[in-house]
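Chain residues, written in single-letter form:
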Amino acid sequence: MGSSAEEEEHGATTTPAFNIKRIAIIGAGPSGLAAAKHLLAEGFKSIDIYEQQAEVGGVWNYSPLTGSKPQDVPQTDAHGPPDPPVEEEEEEEEEEEEYEFDSDDEACTAPGSGACSLPPPPPSSGKKKPPVFPNPMYDDLHTNIPHTLMRYSDLGFVADDKGKEKGTHVGKCDIFPTRQLVLEYLLKYAREVRHLVRFSTQVTDVSLNKTDPPTRDQWTVQSVNLLTKTPRIEIYDAVVVASGHYSTPYLPAVAPQISAFAATHPGIISHSKNFRSAATFAGKRVVIVGSGPSALDIASQISAVCASPLVISARSDVPEETVSFLGPRVRIVGRIKKFLIDKKGIEVSSSSSSGGEEEEEQEEQITDIDAILFCTGYLYTYPFFSSASSSSFHPPLITDGRRVHNLARHFIHTTHPSLVFPALPIKVIPFPLAEAQAAVFSRLWSNRLPLPSTERLRAWEREDEEGKGFEGDRAEVGKDKAFHVFPKGGDARYINALHDWASKAGGGKGKGKGKESPFWGDEELWQRGVYAQAKMRFEKTGRTAKSLEELGFRYEKPVRDRGDSTSGVGVLSDVAGGRKD
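Each value, and the rule that gives it
- Residues numbered from 1 in each chain as written.
- Predicted model: local features only at pLDDT ≥ 70, side-chain atom pairs only at ≥ 80, totals over all residues.
- Heavy atoms only, no water.
- Phe/Tyr/Trp six-rings, centres within 6.5 Å; stacked < 30°, edge-to-face > 60°.
- Helix = DSSP H or I, 4+ residues; strand = E, 2+ residues; numbered from the N terminus.
- Buried < 20%, exposed > 50% of the residue type's maximum accessible area, 1.4 Å probe, protein only.
- Expected span 1.5 Å × (residues − 1).
- Contact = heavy atoms within 4.5 Å.
- Axes fitted to C-alpha atoms, helices over the stretch in contact; angles between N-to-C directions.
- Parallel < 35°, antiparallel > 145°, perpendicular 65-115°, else oblique.
- Left-handed = near helix turned anticlockwise from the far one by under 90°.

A. Up close: the packing of aromatic side chains. Following the criterion strictly, the structure yields 24 aromatic pairs and no others. Judged by centre distance (6.0 Å) and plane angle (10°), the ring pair of tyrosine 152 and tyrosine 185 falls under stacked. With a gap of 33 residues between them, tyrosine 152 in the loop between helix H4 (147-150) and strand S5 (156-159) and tyrosine 185 in helix H5 (residues 179-189) connect regions that are remote in the sequence. Note on accessibility: tyrosine 152 and tyrosine 185 belong to one class, buried.

This is the structure we're talking about:
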């Protein structure tokens, strides 16, 4: 346990808070894999990872398939049923030698096998393909984060020549990797925990079994093997909800006539979750709603093949540099004011084009539109916390889907701290952030870190709501829709603050069992400040650069008195530092 000073700081007591033996992780994506590695390193032996897909990777587990369910317009409901999987036809079974597993362990780790103790699937005339849950990944995607920053702390994308740096690729790879390279990276990262994964197994319900004190709560997890249709119920001492937040599209009612427009012109309005290729929009008149990174990347691709100009409807000004990057085939307008049903069009404000002086708002009509693609993000949804199973949570975990309630520091449940939600923040570098969170909750659950009191956890949530959390000042303080949206540089401050917290384990020495929490030094902070400009240069120069330096961005170690550099974020700024043209 920590020292008395640390216990006083966090409002904790010397009594071991937890007695955790069995842990469930929901999701084998980037945050679930990081959680499993940190929990194993902390000494936990009984860990089950539930993954509804047939492979690890989460949102990076690409499929060309899209959802079979028609898109609701608008879609603002965070409590609806999850989208059904896409069931592929069975393949004809070829005669082959029956393979005998060497052990039960080998049998339970075969991809798509589900839980090891489940009975085998019933006889079939063909091989049933695992169901697919389509996600937002599209065909031609490069990350918007350099792999040198995106990586986990214990595995790089590229191995160095001297063998000191472990990596998934020998030689150089694109500094902004393709989706294929990222999935390869995650597959290698998952090797140490793959045996824990129950593939093609969907969690259907999670319910709380209350105890006193709440740190000794238990959780009933119900699941079903999607290949055998076999249900299962198990009890756990802790649950990591790592199911991601890119499943339920948010398609707002930007104007009152949107429903009538969609009914009159079915198929014209869609959400970026179902975008796969620009070829679908060839020769069409296209409007994109939204101006986030995905919207701009998709706009860049579609504008090369659609009727010119592609129109982007943005709520706020788009920087001049971005407008220049998109080129003359893209036009930025303001919000949609009205849907013109008879003209198959929209009325928009034309004042939001690029940064600068305010213009007098004017309105214009854009008619004969072939496609309106909403790139407006997603809602936080957890369908396995049903209304019955979530009745113990006050307030509910989810209300309108814009945030998760009752969380301290964006991941620890304030009244039931054996429940955590990693990787919720937006506008962050997700892999190291998920690692930093896992380093903390694994140490809390092993009692190597003292658990802050319920009162302190609730106070932290209030600080987060007021924009006074680890991430620093946040825009639109007090608005739920911005609660998990970090300010620029917020992920750096947050990751390093969690590192400092995790380092207090074991009497403040930070040594012993457990994986080390990531920490961003000067070079990582510099990369965080320049990568957006570097990505635009990467796109302009043909997507072939292997390093930031090749793009004209060279890191130069600052010469300064660091002083107390606990957080190490003082060098992060809005400049394109190190640019060498």
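The discussion continues.
B. Structural view of helix H2 (residues 30-41). An ideal rise of 1.5 Å per residue puts 16 Å on 12 residues; H2 measures up with 17 Å between its terminal C-alpha atoms. Most of H2 is tucked away: 10 of the 12 residues are buried. Turning to H2, its buried residues are Pro30, Ser31, Gly32, Leu33, Ala34, Ala35, Ala36, Lys37, His38 and Leu39. Where the residues of H2 are buried, they touch strand S1 (22-26), strand S2 (46-50), H5, strand S11 (238-241) and helix H9 (430-445). At the C-terminal side of H2, glycine 43 shows a positive phi close to 105°.

C. Region of the structure containing the packing of H9 against helix H11 (residues 490-502). Remark: H9 packs on H11, axes separated minimally by 9 Å, with the N-to-C direction vectors making an angle of 25°. Judged on the interaxial angle alone, H11 and H9 are roughly parallel. Considering only the axes of H9 and H11, their crossing is left-handed. Each of Pro432, Leu433, Ala436, Gln437, Ala439, Val440, Arg443 and Leu444 in H9 lies in contact with H11, whose residues at this interface are Asp491, Tyr494, Ile495, Leu498, Trp501 and Ala502.

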